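Spelled out, the chains give:
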Amino acid sequence: MSKINFLKPDRANLNTFLYLGSFLFLISFLDVFFNSFFNLNLTGFLPNFLSFVLPLVLGFIGLYFIRIEYSGIKRLDLLNKHINTNNFNAVLSLLIIFIIIKSIPPILSWFVVDASFAGDSKDVCTGTGACWTYIKVWMRRFMYGMYPNAEQWRINLSFISLVLLGSVGYFATDKFKKYLTLYYVVIYPLIAFLFIFFFISGGPVFFDFSYGIIAAILSIIIGFFIPGRFKFYYFLIVPLTLYIILKYFLFFEEYIELGKLDGLNWVETGAWGGLSLTFIISFFCLIFCFPIGMAFALGRRSGFPLIRYISVGFIEFWRGVPLITVLFMSAVMFPMFLPEDFFIDKLVRAIIAISLFEAAYVAEVIRGGLQALPRGQYEAAKSLGMGYWKMHIFVILPQALKLVIPGIANTFLALVKDTPLIFVVGLLEIVGMLNLAKTNPEWLGFAMEGYVFAAIIFWIICYAMSKYSYNLEQKYKTDR
Amino acid sequence: MNLKLKDIVPQLITVIAVVLIFGFFTYNAQINMENRGIDFGYGFLSQESSFDVQFSLIEYDGSHSYFRAYLVGLLNTILVSVIGIIIATILGVIVGVARLSPNYLINKFAAFYVEFFRNIPLLLQIFFWYFAALRALPLPQDAEAIFGVFFLTIKGLYVPAFIWQNFSIFFYSLVAAVIAIIVIRIHAKKVQENQGKQIPVFFISLGLIFILPLLSFLIGGVKLSFEVPVLKQLATTSFIYEGGVSLPPELIALTLSLSLYTATFIAECVRAGIQGVGKGQKEAAASIGLTPNQVLKLVIMPQALRIIIPPTTNQYLNLTKNSSLAAAIAYPDLVLVFAGTALMQTGKAIEIVSITMFTYLTLSISISILMNWYNKRIAIQEK
């Protein structure tokens, strides 16, 4: 056995240092562990300050002793490499371990051990833990807002059918794969709209809006048969004309009234709310902001200076202002800009405002993708005799969109996280409902539970979305 | 000029469409305002506002004008943004560097922080801090002093106030120190280029920035004293702190949530920037004999900053825009004071919303112009 220098752990005395170091580390670990889980202070006989820093000092010395390079023990080497490379890292690792141990008991006791789950009134919530009874009692309000309890099956049924219809893509055989884009871009949004219009609303809420949707979809379908060089003019003129014809000449209103399902009561949008409203708003804004953003991204890259300036102006305007002022505008200023007999529902106004706002961000993301494409792609497409639209639809956009999947996913995430802001126009989705429930005199003092509940829900949604976008990115990654 | 019909017509149609839409809106607005008997104009800005604001940096009460109220709101917005930006930057850089740490625990801890705070809506976080976390603080009479001078209570944070004598002399000494440091830096660079000698600029600067203000205390007659907040009883159960500076809970909740939220994005920018510098750069720098500190300072950071700064500025802009969420917890920022209270009182929706939007627009466009200029300046000049 060679001489031991305790200031310099070395391989020669590996076992001595290993046991000594592990022992010290274990002691410090146990001290903190007992302290936090059993409220037992092992070092209570020492002065206050010393008792406080002792585990840190012991653990540090322990880690110092086991920091031996090329010890030959695989696990020790891994441990050293990952948490124990030098003194500084050792202290940080110890601090993090101690913080985790210290914070587990209070969190656990608040969430589970001392929390109350049973019952349906405030009286059961006497413990120091969370009062999940509050969430349980208010669950319907948090999910559906002020939507009448008896009618809530309509929302459930719509959402379930929409999810099922949306998952068609996974089951489609190769024969139908080529129609999937058409399905998702045109047919699915139309079905979703009809569901929400006839089923969830069940009344004359979306009138003007529905003309717009029908006009847009009709003109897109007809647009497929229009020769490429006329497409631009076509899309400038026809949708608006169709809209005017539908609204003022065809008296479509009667048909829509006829189409109303029997026995369904009208639920006005003011009563919608909770998490379902979050989904409805996110869904529609997502559908609308994408094409608008794409149009302005192309406009910003256009060769026509005037179109370019208008696009730049649009994008920079919406990107320069906070969403809350945009919603303010849609709430107090926008009605001033419309003819007096012209009424737009406030939910629709909010959806339009958020869509335009997010469209500017989508436009910038797509522009990034367009700029990243090498010029050869444009030139190759042109040399094959493709026109502007053909070139973009078949060559440029598929590649550019693939490049910007993460950016677009981030924008959509931001959209979902922005939906609580609609409290400005007086709509209450889940966060709004929480604030309402919090002021209920029978349920005062449970703000924390509500916010934690909503935070968990939002976190799951957003985290799942970001992971999904990461998978998409990996799936469509084509090496060049 | 070779103008073709094909080039002109689409542009013309677009412009006509835009003009028509705006014309339609303006026409309707005029008719609506006539019907409701509202006249358009910015004259109301000089009228007496007759409402109070809880928290303002400049002197303000109901007898001041609406323009003054606008300034109060703007200054409060800027205050929250500046504090938020400073905290978010410090936190973001630390977390961003921590995410690159070889230490597994630190790495995961930082990743957890980023994933946790990034995926929860900012508004929810603001509500959480304001309505849940800060409401759990003690009442003024039960508050324990932090370092004996700070008091964190349910009514806000009370900090000691600085009381200066001859503040201008202190300020001039600071300015002088900064100017001296700049001169020395230029000189040091020249000396190094001509003679190859290195002057320890960092230590000289450090000395100057401490010694000159210190001299102003010793010789210039500058005096600094603190006014510590003192608990005072108003009624049997009502207590208040007097003296010092009080930061309202709205401000604390807002800066806390804004900086915690934005720091996650800044951390990602920092991580991407440092990772974006090629590994070869580091190895090349080490192989010509630079010390690890020099590698970081002379090779990695200049290149990483080039990647980090543009997206980080974007995050600063986002923070400034997000500070408008203050309206939700009644912190008197631009949106609450001007687009809220002032709008309710005057009913001038178009004017007030347009001023508010224009303010934010000016703020962000001027910063993005500055950014473009900076980007051009630091871009690598490829030959």
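Novice: Help me understand the overall build of chain A, please; the structure alone is not making it clear to me.
Specialist: From N to C terminus, chain A includes 21 helices and 1 strand. C-alpha atoms of chain A, sized along the principal axes, occupy 100 × 70 × 45 Å. Counting all 480 residues of chain A, 31% fall into the buried class.

Novice: Where do I start with the domain arrangement of chain A in this structure?
Specialist: Reports often express the size of an interface as the amount of accessible area lost when the parts come together. In terms of domains, chain A is made up of domain 1 (11–113) and domain 2 (135–475). For domain 1 of chain A versus domain 2 of chain A, the separation of C-alpha centres amounts to 52 Å.

Novice: Hey, could you run me through the packing of helix α2 (residues 66–99) of chain B against helix α9 (residues 292–322) of chain B in this one?
Specialist: If you want to describe how two helices pack, look at the angle between their axes and the distance between the axes. Residue and element names in this part refer to chain B. Where α2 meets α9, the closest approach of the two axes is 9 Å, and the angle between their N-to-C directions is 140 degrees. As the angle between them shows, α2 and α9 are arranged oblique. Considering how the two elements wind past one another, α2 and α9 form a crossing that is right-handed. From α2, S81, G84, I85 and A88 reach across to α9, where they touch Y316, L319 and T320. The residue makeup of the contact of α2 with α9, split by class, is 4 nonpolar, 3 polar and no charged.

Novice: Help me understand the pairing of strand β2 (residues 150–153) of chain B, please; the structure alone is not making it clear to me.
Specialist: Looking along a regular strand, one sees side chains alternate from face to face of the sheet. Residues and elements named next belong to chain B. Going residue by residue along β2, you find F151 and T153 tucked away on one face and F150 and L152 left uncovered on the opposite face. When strand β1 (residues 145–146) meets β2, the two strands line up antiparallel, connected through 2 bridges. Bridge pairing in β2 links I146 to F150. The turn linking β1 back onto β2 is made up of 3 residues, and F147 within it adopts a positive phi angle of 55 degrees. Strand direction decides the pairing type here: β2 and strand β3 (residues 156–159), joined by 3 bridges, are antiparallel. If you follow F151 over to β3, its bridge partner there is Y158. Linking β2 back to β3 in an antiparallel pair, the connection comprises 2 residues.

Novice: What's the story with helix α19 (residues 405–418) of chain A in this structure? I'm lost.
Specialist: Residues separated by three or four positions in an α-helix point in the same direction, a consequence of the helix having 3.6 residues per turn. Here α19 of chain A spans 20 Å end to end across 14 residues, near enough to the 20 Å set by a 1.5 Å rise per residue. Within the span of α19 of chain A, buried status applies to I405, I408, T411, F412, L415, V416, K417 and D418 of chain A. Lining the buried residues of α19 of chain A we find α13 (274–300), α15 (323–333), α16 (346–372), α18 (388–403) and α21 (447–475) of chain A together with α4 (122–133) of chain B.

Novice: Help me understand the interface of chain B and chain A in this model?
Specialist: Between chain B and chain A, the residue contacts involve 49 residues of the former and 47 residues of the latter. Looking at the side of chain B that touches chain A, the elements with two or more residues in it are α1 (5–36), α3 (104–118), α4, α9, α10 (334–346) and α11 (349–378) of chain B. Looking at which element gives the most residues to the side of chain B that touches chain A, the answer is α1 of chain B, with 13 residues. Residue composition of the side of chain B that touches chain A, by class: 34 nonpolar, 11 polar and 4 charged.

Novice: Help me understand α10 of chain B, please; the structure alone is not making it clear to me.
Specialist: Listing the buried residues of α10 of chain B in full gives L334, V335, L336, V337, F338, A339, A342 and L343 of chain B. Of the surrounding elements, those touching the buried residues of α10 of chain B are α15 of chain A together with α2 and α11 of chain B. After α10 of chain B finishes, the residue G347 of chain B shows a positive phi value of roughly 75 degrees.

Novice: Looking at this structure, I do not really get the nonpolar core. What am I missing?
Specialist: A general trend in soluble globular proteins is that nonpolar side chains are found buried together. Membership of the largest hydrophobic core comes to 153 residues, with the highest contact counts inside it found for L327 of chain A together with I126 of chain B. Those residues in contact with L327 of chain A that sit more than four places away from it in its chain are A350, A353, L421, I422, V424 and V425 of chain A. Membership of the second largest hydrophobic core comes to 12 residues, among which are V32, L58, F65 and I66 of chain A.

Novice: Could you clarify how one ought to interpret the sheet that holds β1 of chain B in this entry?
Specialist: Remark on secondary structure: sheet strands pair via backbone hydrogen bonds, oriented parallel or antiparallel. Strand order in the open sheet formed by 4 strands is β1-β2-β3-β8 (chain B), with antiparallel pairing between adjacent strands. With one partner strand each, in any of the chains shown, β1 and β8 (245–247) of chain B form the two edges of the open sheet.

Each value, and the rule that gives it
- Residues numbered from 1 in each chain as written.
- Chains lettered and ligands numbered in written order.
- Predicted model: local features only at pLDDT ≥ 70, side-chain atom pairs only at ≥ 80, totals over all residues.
- Helix = DSSP H or I, 4+ residues; strand = E, 2+ residues; numbered from the N terminus.
- Buried ≥ 20, exposed ≤ 12 C-beta atoms within 10 Å, placed from the backbone.
- Domains from an automatic or database assignment.
- Axes fitted to C-alpha atoms, helices over the stretch in contact; angles between N-to-C directions.
- Parallel < 35°, antiparallel > 145°, perpendicular 65-115°, else oblique.
- Left-handed = near helix turned anticlockwise from the far one by under 90°.
- Contact = placed C-beta atoms within 7 Å.
- Nonpolar A, V, L, I, M, F, W, Y, C, P; charged D, E, K, R; others polar.
- Pairing = 2+ DSSP bridges.
- Expected span 1.5 Å × (residues − 1).
- Core = buried A, V, L, I, M, F, W, Y, C linked by C-beta atoms within 7 Å.

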